[in-house]
Amino acid sequence: MKFPIAVAAWLALGLAHAASAQEAAKAPPAAAAQPASPPKAPLGRWITESGNLEVNIAPCNPGGGNTLCGKVVRVLANRSMSAPGSDMAAADARPALGMILLSGLRPADGGNSEYQGEIYNRENAKTYRAHLTTAEPEQLLVRAYVGIPLFGKTQVWRRPAAEHGSAQ
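A. Just the state of the cysteines, in detail. Overall, the coordinates contain 1 disulfide when judged by the stated rule. A sulfur-sulfur distance of 1.9 Å marks the disulfide that ties Cys60 to Cys69. As the torsion about the S-S bond is roughly 95 degrees, the Cys60-Cys69 disulfide counts as right-handed. Look at Cys69 and you get buried, because its relative accessible area is 15%.

Written out as structure tokens, the structure reads:
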């Protein structure tokens with residue numbers, strides 16, 4: 001009969017999980033054993049999700065201060081984000097090169113790789129709240145939103161090919 005064997009295996013598996021849970025409860029929490037590390041800043045150059053711009057994130061005031069800003073250092077294309085497949089008609093006539101797109105970025109409360117600040121959208125000339133999270137060494141998640149992050153959109157920015165693997 002296979003039924004008693006299946007029941008015995010199920011019970012043994014349950015006991016093994018219970019024993020490992022008890023041992024995990026006895027061990028000191030990993031977070032308590034290590035001091036909190038400062039947020040990993042998204043410093044360096046990033047290519048926007050649309051591939052239009054290369055943005056350098058650095059301290060806003062190199063002489064002091066703890067906020068970061070993102071400045072356009074290279075224009076790569078002119079693609080629309082709101083109408084994929086077409087050219088962008090920027091609502092802001094200023095040249096993109098040298099424009100500050102990210103401003104006031106500060107470490108987010110409770111996050112070890114999260115920053116909050118503002119992002120400027122050249123396509124509609126509006127400024128939004130922004131939440132940045134370093135996802136991988138070469139990925140930056142940029143969430144622009146109005147009000148609360150729930151009402152927003154996340155973009156994935158990537159490092160330029162020359163910067164892959166560089167320490168930031």
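B. Focus on the pattern of salt bridges. Scanning the model with the defined rule gives 3 salt bridges in all. Ionic pairing is found between Asp92 and Arg94, a salt bridge with its closest N-O pair at 2.6 Å. With relative accessibility at 10%, the residue Asp92 sits in the buried group. Residue classification places Arg94 among the partly exposed residues on the basis of a relative accessible area of 48%. Each of the salt bridges in this network shares a partner with another, and the network as a whole consists of Arg45, Glu54 and Arg74.

What counts and how
- Residues numbered from 1 in each chain as written.
- Predicted model: local features only at pLDDT ≥ 70, side-chain atom pairs only at ≥ 80, totals over all residues.
- Heavy atoms only, no water.
- Disulfide = S-S within 2.5 Å.
- Buried < 20%, exposed > 50% of the residue type's maximum accessible area, 1.4 Å probe, protein only.
- Salt bridge = Lys/Arg side-chain N within 4 Å of Asp/Glu carboxyl O.

Function cannot be read off these values alone, since they describe shape.
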